[in-house]
Amino acid sequence: MLYIPRMETRVLEIDPLEDCRSIYKEAAAVLAEGGLVAIPTETVYGLGADAFNPEAVAQVFAVKERPSFDPLICHLSSAKALKDIADIPAELQELVNKLAKEFWPGPMTLVLPKKDCVPDIVTSGLPTVACRVTSHEAMRGVAKALGHPVAAPSANRFGHISPTSAGAVLKELGGAIPLVLDAGACSEGVESTILAPCLDEKGKPAVHILREGPVTREKLRGLCRVLKPKKNTADSEPAAPVAPGQLKSHYAPAKPLILHDPKEPFTPQEGVSYGLISYQGDSPLAEQDCWTEVMPLSPGSGRLSEAAVRLFAVMRAMDEREDIDVIIAEELPRVNIGAAMMDRLTRAAAR
Ligand code: TXA
Ligand code: MG
């Protein structure tokens, strides 16, 4: 275990209407010296290190208390920089170009064979590297100023809820890192979709979805074939590679969280105080009088995209409430971004 000094964490605000290049330069200077900086993306805040500095990357694992088998995503300043870290097989080049054109900059991560310049510690020894071009100018701007990719996992302690605001980063990592760039709330709210481009059983380009996210199955439809996560048999589709960090229990509040059908009645236990995370706050479940607090994800409108933006913040708010013992969360429709939210809630509920 590395020694992690306690330090003062500086916060620099990013105003989207201003030219923030001097701030990106300042953040890049911290990274260039081997320091860590929390940087916003449109999905969640990342804990960034210079991807080409193995000692700085080791600090990311230490500060997050993240197991070394769980590789990091490399954030690039633009799609052009992809070829610097990934060896794209010729037969996948067209598919990669198509995905990059459609979804970058944006909430998509591509897992591709890595180049030797990417240190093994970034990829946990895997021959592949996860690559992303976020739509958030801050992360792209810092990577550009640094001149290297920024290796950045979500800026939370391992297994905890991902931070979607600078305040949430400070609660997770305040005092353990020197700098946080504060651009306010993230506009997507759940982590990027992770895709592994591959060839299907007929040798045609396709993708495996390693993690559901804002680039939904629905958005991929018509663009490329999405392979089912099947085990490999002689005549089946190729087995999906795995995202080693996607553990059964993840994204978890400290309190127990239980998923519940919003149309089914809930039977509370005597002496236990419950908080309900409700989709719209007006389900038959939400109407029951057993809740200490009902927090709707998308009050009124019932938009899954609004619910996604608020999901982690509401989970945190419930977790911080001293008068609540157990969190009940309504099951959400598993369509569009609902699939990614149910993935996160199911892992949050696993013990
Ligand atoms: O939206 C996001 O993706 C955020 C922002 C900061 O970019 N990042 C994020 O990183 O969620 P993290 O480390 O919390 O999750 C990244 C996931 C891990 O589960 C890891 O196992 C997977 O990406 N991953 C990274 N490299 C991989 C590789 N070479 N092959 C398969 N999975 C990989
Ligand atoms: Mg994470």
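Look a little higher up for the structure.
Remember, predicted model here, so these are calculated numbers, not experimental data.

Conventions adopted
Residues numbered from 1 in each chain as written. Chains lettered and ligands numbered in written order. Predicted model: local features only at pLDDT ≥ 70, side-chain atom pairs only at ≥ 80, totals over all residues. Heavy atoms only, no water. Pairing = 2+ DSSP bridges. Helix = DSSP H or I, 4+ residues; strand = E, 2+ residues; numbered from the N terminus. Axes fitted to C-alpha atoms, helices over the stretch in contact; angles between N-to-C directions. Contact = heavy atoms within 4.5 Å. Phe/Tyr/Trp six-rings, centres within 6.5 Å; stacked < 30°, edge-to-face > 60°. Buried < 20%, exposed > 50% of the residue type's maximum accessible area, 1.4 Å probe, protein only.

Engineer: What am I meant to see in the sheet that holds strand β12 (residues 257-260) here?
Structural biologist: By definition, the strands of a sheet pair up through backbone hydrogen bonds, in either a parallel or an antiparallel sense. Reading across from one edge, β12-β15-β13-β14 is the order of the four strands in this open sheet, with parallel pairing throughout. Both edges of this open sheet fall to β12 and β14 (291-296), since each of them pairs with a single strand only. If you compare each strand with its neighbour and ignore which way they point, the axes differ by 25° on average. Lying over the sheet, helix α10 (residues 304-320) contacts β12, β13 (274-278), β14 and β15 (326-330), oriented at roughly 165° with respect to β14.

Engineer: Just to check I follow, could you spell out the packing of aromatic side chains for this structure?
Structural biologist: We describe a pair of aromatic rings using the distance from one ring centre to the other and the angle between the two ring planes. The full count for this structure, using the stated rule, is four aromatic pairs. Seen in terms of ring centroids, Phe266 and Trp291 are 5.4 Å apart; in terms of plane orientation they differ by 20°. Their pairing is stacked. Here the residue Phe266 occupies a position in the loop between β12 and β13, and Trp291 occupies one in strand β14, the gap between them amounting to 25 residues. Ring geometry for Tyr274 versus Trp291: centroids 6.5 Å apart, planes at 90°, classification edge-to-face. Highlighted residues: Tyr274 in strand β13 and Trp291 in strand β14, separated in sequence by 17 residues. On the basis of relative accessibility, which here comes to 11%, the residue Trp291 falls in the buried class. Site record: aromatic cluster; members linked through ring pairs are Phe266, Tyr274 and Trp291.

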